[in-house]
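Reading the structure
If you want the building blocks of each chain, they are given just below.
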Amino acid sequence: MSQHRLDRSAIAPELRRIERRLMLKGALSLGGLSMLSGCALDDEPSVERALSAMSRFTDRMQALLFSRQRLAREFDASRITHPFPYNAYYDESAIRTVDPAGWRLEVGGLVSDRRPWTLAQFRALPQKRQITRHICVEGWSAIGDWSGVPLSMFLQRVGADLRAKYVNFRCFDDYSTSIDMATALHPQTILALDYGDHALPPAYGAPMKVRIPTKLGYKNPKYLASIEVTNRFPGGYWEDQGYDWFGGS
(Lines give C-alpha, C1' and ligand atoms only; values in the text may rest on other atoms or scores of the structure.)
Protein backbone atom coordinates (compact mmCIF):
# COMPACT_ATOMS: atom_id res chain seq x y z
CA MET A 1 0.00 0.00 0.00
CA SER A 2 1.26 3.45 -0.84
CA GLN A 3 1.63 6.25 1.66
CA HIS A 4 -1.24 7.93 -0.19
CA ARG A 5 -3.56 5.05 0.75
CA LEU A 6 -2.34 5.09 4.32
CA ASP A 7 -3.12 8.80 4.61
CA ARG A 8 -6.55 8.25 3.09
CA SER A 9 -7.41 5.57 5.66
CA ALA A 10 -6.33 7.86 8.48
CA ILE A 11 -9.05 10.36 7.51
CA ALA A 12 -11.50 7.78 6.17
CA PRO A 13 -14.46 8.82 8.37
CA GLU A 14 -14.32 12.42 7.15
CA LEU A 15 -13.83 11.38 3.53
CA ARG A 16 -16.78 9.05 3.87
CA ARG A 17 -18.99 11.88 5.15
CA ILE A 18 -17.96 14.03 2.18
CA GLU A 19 -18.68 11.19 -0.24
CA ARG A 20 -22.09 10.65 1.32
CA ARG A 21 -22.95 14.33 0.99
CA LEU A 22 -21.99 14.21 -2.68
CA MET A 23 -24.10 11.11 -3.18
CA LEU A 24 -27.03 12.81 -1.47
CA LYS A 25 -26.69 15.86 -3.72
CA GLY A 26 -26.74 13.54 -6.70
CA ALA A 27 -29.89 11.86 -5.40
CA LEU A 28 -31.54 15.21 -4.86
CA SER A 29 -30.66 16.36 -8.35
CA LEU A 30 -32.40 13.25 -9.67
CA GLY A 31 -35.56 13.84 -7.69
CA GLY A 32 -34.50 12.14 -4.48
CA LEU A 33 -35.89 14.97 -2.36
CA SER A 34 -39.28 13.28 -2.17
CA MET A 35 -37.58 10.17 -0.77
CA LEU A 36 -35.80 12.13 1.94
CA SER A 37 -38.84 14.09 3.14
CA GLY A 38 -37.34 17.49 3.76
CA CYS A 39 -33.77 16.51 4.66
CA ALA A 40 -31.50 19.58 4.38
CA LEU A 41 -27.98 19.21 3.03
CA ASP A 42 -26.56 21.39 5.79
CA ASP A 43 -28.16 19.23 8.50
CA GLU A 44 -25.47 16.62 9.20
CA PRO A 45 -27.59 14.34 11.45
CA SER A 46 -30.43 14.32 8.91
CA VAL A 47 -28.01 13.56 6.07
CA GLU A 48 -26.50 10.67 8.02
CA ARG A 49 -29.90 9.23 8.97
CA ALA A 50 -31.19 9.47 5.40
CA LEU A 51 -28.12 7.89 3.88
CA SER A 52 -27.98 5.17 6.52
CA ALA A 53 -31.53 4.28 5.56
CA MET A 54 -30.54 4.25 1.87
CA SER A 55 -27.55 2.02 2.68
CA ARG A 56 -29.76 -0.43 4.59
CA PHE A 57 -32.18 -0.50 1.65
CA THR A 58 -29.27 -1.24 -0.72
CA ASP A 59 -28.12 -4.08 1.53
CA ARG A 60 -31.61 -5.60 1.54
CA MET A 61 -31.91 -5.38 -2.24
CA GLN A 62 -28.47 -6.96 -2.77
CA ALA A 63 -29.38 -9.78 -0.38
CA LEU A 64 -32.61 -10.46 -2.24
CA LEU A 65 -30.74 -10.64 -5.57
CA PHE A 66 -27.95 -12.84 -4.22
CA SER A 67 -28.00 -16.50 -5.25
CA ARG A 68 -25.76 -19.35 -4.08
CA GLN A 69 -26.13 -20.79 -7.60
CA ARG A 70 -24.75 -17.68 -9.31
CA LEU A 71 -20.97 -17.95 -9.56
CA ALA A 72 -18.35 -15.25 -9.94
CA ARG A 73 -16.39 -15.57 -13.18
CA GLU A 74 -13.29 -17.75 -13.02
CA PHE A 75 -10.28 -17.19 -15.29
CA ASP A 76 -7.48 -19.03 -17.01
CA ALA A 77 -4.07 -18.87 -15.32
CA SER A 78 -2.80 -16.64 -18.13
CA ARG A 79 -5.03 -13.84 -16.80
CA ILE A 80 -3.48 -13.70 -13.31
CA THR A 81 -2.21 -10.26 -12.31
CA HIS A 82 1.57 -10.25 -11.62
CA PRO A 83 2.34 -9.19 -8.99
CA PHE A 84 -0.98 -9.29 -7.21
CA PRO A 85 -1.20 -5.95 -5.33
CA TYR A 86 -0.95 -5.61 -1.58
CA ASN A 87 -3.85 -3.79 0.02
CA ALA A 88 -4.83 -3.02 3.62
CA TYR A 89 -5.71 -0.07 5.85
CA TYR A 90 -2.03 0.27 6.79
CA ASP A 91 1.32 0.29 4.99
CA GLU A 92 2.99 -2.99 4.00
CA SER A 93 5.84 -2.28 6.43
CA ALA A 94 3.33 -2.61 9.29
CA ILE A 95 2.22 -6.18 8.48
CA ARG A 96 1.87 -8.37 11.55
CA THR A 97 2.94 -12.01 11.35
CA VAL A 98 2.36 -15.13 13.40
CA ASP A 99 4.13 -18.49 13.58
CA PRO A 100 1.99 -20.83 11.41
CA ALA A 101 2.83 -23.76 13.68
CA GLY A 102 1.44 -21.95 16.70
CA TRP A 103 -1.52 -20.28 14.99
CA ARG A 104 -5.01 -21.36 16.00
CA LEU A 105 -8.37 -20.32 14.53
CA GLU A 106 -10.78 -19.63 17.37
CA VAL A 107 -14.38 -20.76 16.80
CA GLY A 108 -17.37 -19.32 18.65
CA GLY A 109 -21.05 -18.55 18.68
CA LEU A 110 -23.74 -20.89 17.43
CA VAL A 111 -21.59 -23.99 16.87
CA SER A 112 -21.51 -27.35 18.64
CA ASP A 113 -17.71 -27.71 18.62
CA ARG A 114 -15.76 -24.65 19.76
CA ARG A 115 -12.32 -26.24 19.83
CA PRO A 116 -9.65 -24.14 18.05
CA TRP A 117 -8.36 -25.40 14.70
CA THR A 118 -4.72 -25.74 13.63
CA LEU A 119 -3.36 -25.11 10.17
CA ALA A 120 -2.61 -28.84 9.85
CA GLN A 121 -6.28 -29.64 10.43
CA PHE A 122 -7.30 -27.33 7.61
CA ARG A 123 -4.71 -28.76 5.25
CA ALA A 124 -6.09 -32.25 5.90
CA LEU A 125 -9.45 -31.21 4.39
CA PRO A 126 -10.28 -31.15 0.65
CA GLN A 127 -9.10 -27.94 -1.02
CA LYS A 128 -10.67 -25.89 -3.80
CA ARG A 129 -8.76 -23.61 -6.17
CA GLN A 130 -10.15 -20.51 -7.83
CA ILE A 131 -8.71 -17.89 -10.18
CA THR A 132 -11.05 -14.97 -9.63
CA ARG A 133 -11.13 -11.20 -9.75
CA HIS A 134 -10.63 -9.13 -6.60
CA ILE A 135 -12.56 -5.85 -6.91
CA CYS A 136 -11.54 -3.02 -4.59
CA VAL A 137 -13.96 -0.30 -3.52
CA GLU A 138 -11.18 2.19 -4.37
CA GLY A 139 -11.76 1.47 -8.07
CA TRP A 140 -9.09 -1.08 -9.08
CA SER A 141 -9.23 -4.83 -9.65
CA ALA A 142 -6.78 -7.72 -10.02
CA ILE A 143 -7.05 -11.41 -10.80
CA GLY A 144 -5.52 -13.83 -8.29
CA ASP A 145 -5.06 -17.55 -7.69
CA TRP A 146 -6.30 -18.80 -4.30
CA SER A 147 -6.77 -22.28 -2.85
CA GLY A 148 -8.35 -23.36 0.40
CA VAL A 149 -11.17 -25.04 2.30
CA PRO A 150 -14.77 -24.16 1.41
CA LEU A 151 -16.21 -22.22 4.33
CA SER A 152 -19.41 -24.25 4.04
CA MET A 153 -17.44 -27.45 4.69
CA PHE A 154 -15.77 -25.96 7.76
CA LEU A 155 -19.08 -24.70 9.17
CA GLN A 156 -20.55 -28.17 8.80
CA ARG A 157 -17.50 -29.75 10.51
CA VAL A 158 -17.89 -27.55 13.60
CA GLY A 159 -21.65 -28.09 13.77
CA ALA A 160 -22.60 -24.50 12.95
CA ASP A 161 -26.26 -23.54 13.04
CA LEU A 162 -26.74 -22.92 9.32
CA ARG A 163 -30.01 -21.13 10.07
CA ALA A 164 -28.07 -18.34 11.82
CA LYS A 165 -27.99 -14.95 10.15
CA TYR A 166 -24.31 -13.97 10.21
CA VAL A 167 -20.73 -15.19 10.19
CA ASN A 168 -18.32 -12.77 11.86
CA PHE A 169 -14.56 -12.64 11.18
CA ARG A 170 -11.92 -11.10 13.43
CA CYS A 171 -8.30 -10.78 12.43
CA PHE A 172 -5.04 -10.45 14.34
CA ASP A 173 -4.34 -7.11 12.63
CA ASP A 174 -7.46 -5.71 14.41
CA TYR A 175 -9.56 -5.86 11.24
CA SER A 176 -13.06 -7.32 11.23
CA THR A 177 -15.96 -7.88 8.87
CA SER A 178 -19.02 -10.10 8.61
CA ILE A 179 -21.21 -11.76 6.01
CA ASP A 180 -24.66 -13.28 5.75
CA MET A 181 -25.05 -17.04 6.00
CA ALA A 182 -26.04 -17.39 2.33
CA THR A 183 -22.68 -15.91 1.30
CA ALA A 184 -20.86 -18.12 3.81
CA LEU A 185 -22.41 -21.19 2.17
CA HIS A 186 -21.69 -20.04 -1.40
CA PRO A 187 -19.47 -22.63 -3.14
CA GLN A 188 -16.79 -20.03 -4.01
CA THR A 189 -16.39 -18.71 -0.46
CA ILE A 190 -13.20 -20.31 0.85
CA LEU A 191 -10.76 -20.15 3.74
CA ALA A 192 -7.67 -19.57 1.60
CA LEU A 193 -4.40 -21.16 2.66
CA ASP A 194 -2.38 -20.87 -0.56
CA TYR A 195 -1.70 -18.34 -3.27
CA GLY A 196 -0.57 -19.99 -6.50
CA ASP A 197 1.47 -23.07 -5.61
CA HIS A 198 2.69 -21.78 -2.25
CA ALA A 199 1.37 -21.01 1.21
CA LEU A 200 -0.07 -17.52 1.55
CA PRO A 201 2.72 -14.99 2.08
CA PRO A 202 2.33 -12.37 4.82
CA ALA A 203 1.38 -9.67 2.31
CA TYR A 204 -1.63 -11.72 1.21
CA GLY A 205 -2.92 -12.63 4.66
CA ALA A 206 -0.91 -15.56 6.04
CA PRO A 207 -1.70 -17.98 7.42
CA MET A 208 -5.35 -17.69 6.34
CA LYS A 209 -7.64 -15.24 4.59
CA VAL A 210 -11.28 -15.44 3.56
CA ARG A 211 -11.70 -15.30 -0.20
CA ILE A 212 -15.19 -14.25 -1.35
CA PRO A 213 -15.23 -13.39 -5.08
CA THR A 214 -18.89 -12.35 -4.90
CA LYS A 215 -17.94 -9.50 -2.54
CA LEU A 216 -15.87 -6.32 -2.74
CA GLY A 217 -12.33 -6.49 -1.38
CA TYR A 218 -13.07 -5.10 2.08
CA LYS A 219 -15.31 -8.13 2.70
CA ASN A 220 -12.32 -10.49 2.14
CA PRO A 221 -10.50 -10.39 5.50
CA LYS A 222 -6.86 -11.44 5.90
CA TYR A 223 -4.85 -12.63 8.92
CA LEU A 224 -7.84 -14.54 10.26
CA ALA A 225 -7.97 -15.10 14.02
CA SER A 226 -11.56 -16.14 14.75
CA ILE A 227 -14.89 -17.10 13.24
CA GLU A 228 -18.19 -16.60 15.06
CA VAL A 229 -21.65 -17.74 13.96
CA THR A 230 -24.28 -15.40 15.35
CA ASN A 231 -27.73 -13.86 15.03
CA ARG A 232 -26.45 -10.56 16.42
CA PHE A 233 -25.50 -8.06 13.73
CA PRO A 234 -21.67 -7.84 13.90
CA GLY A 235 -20.83 -4.90 11.60
CA GLY A 236 -17.17 -4.54 10.65
CA TYR A 237 -14.16 -2.23 10.50
CA TRP A 238 -15.22 -0.29 7.39
CA GLU A 239 -18.94 -1.01 7.72
CA ASP A 240 -18.99 0.74 11.09
CA GLN A 241 -17.59 3.81 9.32
CA GLY A 242 -20.37 3.93 6.73
CA TYR A 243 -19.49 1.39 4.04
CA ASP A 244 -22.32 -0.80 2.76
CA TRP A 245 -22.53 -3.98 4.83
CA PHE A 246 -23.53 -6.44 2.10
CA GLY A 247 -20.67 -5.24 -0.15
CA GLY A 248 -21.53 -7.33 -3.20
CA SER A 249 -19.27 -6.99 -6.22
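Taking an unreviewed UniProt entry as the reference, the protein chain is identified by name as Oxidoreductase molybdopterin-binding protein belonging to Tanticharoenia sakaeratensis NBRC 103193.

**Describing the packing of aromatic side chains**
Two numbers describe a pair of aromatic rings. These are the distance of the centres and the angle of the planes. Taken as a whole and judged by the stated rule, the model has 21 aromatic pairs. Taken together through their ring pairs, the aromatic side chains of Tyr89, Tyr90, Tyr175, Tyr218, Tyr237, Trp238 and Tyr243 make up a single cluster. Over the aromatic face of Trp146 sits the side chain of Arg211, whose NZ or CZ is 4.3 Å from the ring centroid. Cation over ring: Lys215 sits above Phe246, and NZ or CZ is 3.3 Å from the ring centre.

**Digging into the sheet that holds strand β6 (residues 176-180)**
One open sheet accounts for five strands, arranged β2-β1-β10-β5-β6; its pairing is mixed. Where the open sheet ends on each side, the last strands, each with one partner, are β2 (117-118) and β6. In terms of strand pairing, strand β5 (residues 166-171) meets strand β10 (residues 224-230) through six bridges, oriented antiparallel. Bridge pairing links Arg170 to Ser226 in β10.

**As for the pattern of salt bridges**
Taken as a whole and judged by the stated rule, the model has eight salt bridges. Arg123 serves as the salt-bridge partner of Asp194, at 2.8 Å between the closest nitrogen and oxygen. Of this pair, Asp194 sits in strand β7 (residues 190-195) while Arg123 sits in helix α5 (residues 119-123), and the two are 71 residues apart along the sequence.

**A short note on the nonpolar core**
Of all hydrophobic cores here, the largest spans 59 residues; its most connected members are Phe122, Phe154 and Leu155. At the level of secondary structure, the elements contributing two or more residues to this core comprise β1 (104-109), α5, β4 (141-150), α6 (151-157), β5, α7 (181-184), β7 and β10. In terms of residue count, the dominant contributor to this core is β7 (five residues). With residues up to four places along the chain from it excluded, the contact list for Leu155 reads Ala160, Leu162, Val167, Met181, Ala184, Leu185 and Val229.

**Points about the environment of Leu105**
Relative to the helices and strands, Leu105 resides in strand β1. Overall, Leu105 belongs to the buried group, its relative accessible area being 0%. On a C-alpha basis, the gap between Leu105 and Arg115 in space is 8.9 Å, while along the polypeptide they are 10 residues apart. Here Leu105 is in contact with Pro116, Trp117, Phe122, Phe154, Met208, Leu224, Ala225, Ser226 and Ile227, once residues within four sequence places are set aside.

**Examining the pairing of strand β3 (residues 128-135)**
Where β3 lies against β4, eight bridges are found, and the strand directions are antiparallel. Residue pairing for β4: Lys128 is matched across the bridge by Gly148. Turn length for the β3-β4 hairpin, with the two strands adjacent in sequence and antiparallel, is five residues, and the turn residue Gly139 shows positive phi of about 110°.

Cut-off values and rules
- Residues numbered from 1 in each chain as written.
- Predicted model: local features only at pLDDT ≥ 70, side-chain atom pairs only at ≥ 80, totals over all residues.
- Heavy atoms only, no water.
- Phe/Tyr/Trp six-rings, centres within 6.5 Å; stacked < 30°, edge-to-face > 60°.
- Lys NZ or Arg CZ within 6 Å of the ring centre and 35° of its normal.
- Pairing = 2+ DSSP bridges.
- Helix = DSSP H or I, 4+ residues; strand = E, 2+ residues; numbered from the N terminus.
- Salt bridge = Lys/Arg side-chain N within 4 Å of Asp/Glu carboxyl O.
- Core = buried A, V, L, I, M, F, W, Y, C linked by side-chain atoms within 4.5 Å.
- Buried < 20%, exposed > 50% of the residue type's maximum accessible area, 1.4 Å probe, protein only.
- Contact = heavy atoms within 4.5 Å.

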